[in-house]
Amino acid sequence: MPRREAPPIRIALAGAGTVGGALLDLLDRERHALLARLGVRFEVVSVLVRDAARPRSARLDRARLTDDVDAFLRAEAEVVVEAIGGTTVAGAIARATLLRGRRLVTANKALLRAEGPALASLVRAHEHLGAALDLEAAVGGGVPVVRVLRDSLAGHGLTAVRGVLNGTTNYILSQMERGHEFHAALAEAQRAGFAEADPSRDLDGTDASDKLAVLSWLAFGTDPRTLRIRTQGLAPDIGARVAAARLDGRVIRLVAQAERDPDGHVRASVAPVALDPTHPLARVQDEENVIVVESTSAGAITLHGRGAGGDATASALLADILRSLPHPARSLAVA
Ligand code: NAP
Ligand code: HSE
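Here we summarise the structure given alongside this text. (Residues numbered from 1 in each chain as written. Chains lettered and ligands numbered in written order. Predicted model: local features only at pLDDT ≥ 70, side-chain atom pairs only at ≥ 80, totals over all residues. Heavy atoms only, no water.)

### Overview of the side chain of E177
Defined as follows: Secondary structure elements follow DSSP: runs of H or I no shorter than four residues count as helices, runs of E no shorter than two count as strands, and numbering proceeds from the N terminus. Contacts are assigned to residue pairs with any non-hydrogen atoms lying within 4.5 Å of each other.
Mapped onto the fold, E177 is located in helix α7 (residues 167-177). Setting aside residues no more than four positions away along its own chain, E177 makes contact with V242, R246, V251, I252 and R253.

Quick look at the structure:
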């Protein structure tokens, strides 16, 4: 019997840059497969950008494009996806979305570090209206670490989260190991869409630190605003450090780690570390990320994959959007 076609899930998308643009491409590319597999269709009802008059790719329906935040928030949508970055406009969109009892899907780790617990409180207060917050895209790009911490390991006593959480710096370090120059590698990371709009957030360790704060919040319940994270990025001597490590048979990785001691105190840091190439955190190349989650019962679980870039991040956004499907529809995927 043919499956009855459900009404489309309406998406309001804030941001049509590297991540938002890749999400539009992915929804378009997967349209038939999603309908066949899950019986679900999506309609992007509004796309918020900073400058709606700027020339755009032909895939963007100009009729849906706006640079008016209020008009964007008035669009009728089941899911609001935030991929603009920053905390001011993004924060206003996030709060308004949850206050209206809608699902927010965000890729914005800076916002989650600044406002994660407040947004979670809004979800609890408006859950009965449908408010929800999903953040898989904010940490690890296409690596599903948020789902693992929120769902799979929710009942475990977690003791540590360690990883390489920034694709841009890892890309630069990998390229320098191959003999490329720092500035050329950074320019290539920017061209590929790995870097933040302000790449100093990648280079000085802020981006990795924001992500570690979010992971510690999910793993240990620490407040991401107040968790102290000793943070070092790639200093000007990084070329010399990469060369010295290579002579020593080692590689440099920007390692982020948070460990909880038996008293519940969490010690957290981000810093370049020289590692043996066989170390689990050393094996990441280019824009890849790796995250090792340690727990008393399950031991160490390692997740490894593409940590930055439009396509990887869009796949995480789509996974979160699919969480808005009613459970019976989702279960069809495994039937
Ligand atoms: P991006 O390429 O700079 O795109 C940003 C988009 O947001 C653009 O379309 C821009 O409009 C719009 N925008 C920015 N500020 C705005 C404002 N105040 N009002 C309205 N629209 C605004 O950035 P991105 O790389 O896609 O990153 C977006 C978010 O995803 C950030 O939070 C970032 O940290 C996160 N993220 C990025 C990656 C990645 O690999 N790039 C991965 C994971 C998470 P215009 O088009 O008019 O400029
Ligand atoms: N700029 C970030 C990075 C994007 O390089 O990891 C992914 O969050």
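### Some words on the environment of V45
Looking at where V45 falls in the secondary structure, it is placed in strand β2 (residues 42-48). Spatially, the C-alpha atoms of V45 and I11 are 5.9 Å apart, while their sequence positions differ by 34 residues. Apart from the residues lying within four places of it in its own chain, the contact partners of V45 are R10, I11, A12, R64, A75, E76 and A77.

### Re the sheet that holds strand β12 (residues 299-306)
Heads up, the rule is: Here the rule is simple: two strands pair whenever DSSP picks up at least two bridges between them. Helix axes use the C-alpha atoms of the stretch in contact, all axes being lines fitted to C-alpha atoms, and the angles between their N-to-C directions lie in the range 0 to 180 degrees.
With mixed pairing, 6 strands are arranged side by side in an open sheet as β8-β10-β9-β7-β11-β12. Two strands close off the open sheet at either side, each with one partner strand: β8 (229-231) and β12. In this sheet, adjacent strand axes meet at a mean angle of 20° when their direction is disregarded. Here β8 runs beside strand β10 (residues 266-275); their pairing, made up of 3 bridges, is parallel.

### Re the nonpolar core
Counted only if it meets this: Throughout this description, the term nonpolar core refers to a set of buried Ala, Val, Leu, Ile, Met, Phe, Trp, Tyr and Cys residues connected via side-chain atoms within 4.5 Å. With a 1.4 Å probe rolled over the protein chains alone, any residue whose accessible area is under 20% of its type maximum counts as buried; one over 50% counts as exposed, and the rest are partly exposed. An automatic or database domain assignment supplies the start and end points of every domain.
Judged by nonpolar contacts, the single largest core of 54 residues is most densely connected at F72, V139, V145, L212, L215 and I291. Of the residues forming this core, the biggest block, 8 residues, is contributed by helix α10 (residues 206-220). Residue contributions to this core reach at least three from each of two domains, namely domain 1 (9-141 + 312-322) and domain 2 (145-307). With near-sequence residues (within four places) excluded, I291 lies in contact with V143, V145, V161, R162, G163, L165, L215, I301, T302 and L303. With 33 residues, the next largest nonpolar core counts V44, V49, A107 and A314 among its residues.

### Description of the site of ligand 2
We apply this condition: Residue proximity to a molecule or strand is established when one non-hydrogen atom of the residue lies within 4 Å of it. Surface accessibility in these figures is a Shrake-Rupley result with a 1.4 Å probe; residues are shielded only by whichever protein chains are displayed.
Taken together, 13 residues lie near ligand 2, and K109, G167, T168, F194 and E196 sit nearest. Protein contact buries 94% of the 260 Å² of open area that ligand 2 shows by itself. Those elements that place two or more of their residues in the shell around ligand 2 are α7 and α10.

### Quick notes on the sheet that holds strand β3 (residues 65-66)
Strands sit in the order β3-β2-β1-β4-β5-β6 across an open sheet of 6 strands; the sheet is parallel. Two strands lie at the open edges of the sheet, namely β3 and β6 (132-134), each paired on one side alone. Pairing analysis gives 4 bridges linking strand β1 (residues 9-14) to strand β4 (residues 79-82), with the strands arranged parallel. Along β4, the bridge assignment pairs A12 with V80. Most of the contacts of helix α4 (residues 88-99) go to strand β5 (residues 103-106), to which it runs at about 150°, and overall it touches β1, β2, β4, β5 and β6. In this fold helix α12 (residues 310-322) packs onto β1, β2, β4, β5 and β6, with an angle of close to 165° to the strand it touches most, β5.

### Structural notes on the packing of α4 against helix α5 (residues 109-126)
Our working definition: In this scheme, roughly parallel covers angles under 35 degrees and roughly antiparallel covers those over 145, while 65 to 115 is roughly perpendicular and the rest are oblique. If you view the pair so one helix is near and one far, a crossing is left-handed when the near helix is turned anticlockwise from the far one by less than a right angle, and right-handed when it is turned clockwise. Residue polarity follows a fixed list, in which Ala, Val, Leu, Ile, Met, Phe, Trp, Tyr, Cys and Pro are nonpolar, Asp, Glu, Lys and Arg are charged, and the others, Gly among them, are polar.
Running from N to C, α4 and α5 cross one another at 15°; their axes reach a closest spacing of 9 Å. Taken together, the axes of α4 and α5 are roughly parallel relative to one another. Once α4 is placed against α5, the crossing between them reads as right-handed. Here A90, G91, A94, R95, L98 and L99 of α4 lie close against α5, whose contacting residues are L111, E115, L119, L122, V123 and H126. The residue makeup of the contact of α4 with α5, split by class, is 8 nonpolar, 2 polar and 2 charged.

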